[in-house]
Amino acid sequence: MRVVIIDDHQEIRSTIRSIIEGSEYPILIEGEAGSVVEGLKLIKSVEPDLIFLDVEMPDGTGFDLLSLLDHENFKVIFVTSHDEFAIKAFRFSAIDYVLKPIDSEELVEAI
């Protein structure tokens, strides 16, 4: 499975990467991005199977990013501090919604 991580906080991207690399699943992290613009470029170039996506970033939201894509080709797991966007996330076909601070077991279950 090929994944990308899109979050404006490097520490969160590192945490997600560490959890994924420590899991038993055959996952290849194809890249990371810290903004909507960078994320859009990364997704178009990599065509991932799964995206770990933050809700709020400096240049927009994860929902803005998804609105710019035909996201039927990949799955999305939102990783965010904001519990109030969960319903909207599932309307965007999210397969899970993980709250920060990230619980490693919860993230692995989401995968």
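Quick look at the structure, then. The structure displayed is predicted, hence computed values, not measured ones. (Residues numbered from 1 in each chain as written. Predicted model: local features only at pLDDT ≥ 70, side-chain atom pairs only at ≥ 80, totals over all residues. Heavy atoms only, no water.)

Let's shift gears to the environment of Ser23. Mapped onto the secondary structure, Ser23 falls in the loop between α1 (10–21) and β2 (28–33). Separated by 84 residues in sequence, Ser23 and Leu107 place their C-alpha atoms 9.9 Å apart. Within the structure, the side chain of Ser23 is placed 3.4 Å from the backbone nitrogen of Tyr25, a separation counted as a polar contact. (Helix = DSSP H or I, 4+ residues; strand = E, 2+ residues; numbered from the N terminus. Polar contact = N/O pair within 3.5 Å; in protein donor to acceptor, adjacent residues only side chain to side chain.)

Mapped onto the elements, Val36 comes out in helix α2 (residues 36–46). Relative accessible area serves as the criterion here: at 6%, Val36 is assigned to the buried category. Linking Val36 and Ile6, residues 30 residues apart in sequence, is a C-alpha distance of 7.9 Å. Ignoring anything within four residues of it in the chain, the contact list for Val36 reads Met57, Asp59, Gly60, Thr61 and Leu65. (Buried < 20%, exposed > 50% of the residue type's maximum accessible area, 1.4 Å probe, protein only. Contact = heavy atoms within 4.5 Å.)

Here the focus is the pairing of strand β3 (residues 50–53). Burial along β3 is two-sided: the face carrying Leu50 and Phe52 and the face carrying Ile51 and Leu53 are both buried. With 4 bridges joining them, strand β1 (residues 2–6) and β3 adopt parallel strand pairing. Bridging across to β3, Val3 finds its partner in Leu50. Judged from the 4 bridges that link them, β3 and strand β6 (residues 75–80) form a sheet pairing that is parallel. Pairing of Leu53 across the sheet is with Phe78, part of β6. (Pairing = 2+ DSSP bridges.)

Take the sheet that holds β1 next. The strand order across the open sheet formed by 5 strands is β2-β1-β3-β6-β7, and the pairing between neighbours is parallel. Each edge of the open sheet carries a strand with a single partner, namely β2 and β7 (96–99). Taking the axes of each pair of neighbouring strands and ignoring which way they run, one obtains an average angle of 20° across the sheet. As judged from the 5 bridges shared by β1 and β2, these two strands associate in the parallel manner. Looking across to β2, one finds that Ile5 is bridged to Glu32. Helix-sheet contacts for α1 involve β1, β2, β3 and β6, and the interaxial angle to β2 is about 175°. Running at roughly 150° to β2, α2 makes contact with β1, β2 and β3 of the sheet. (Axes fitted to C-alpha atoms, helices over the stretch in contact; angles between N-to-C directions.)

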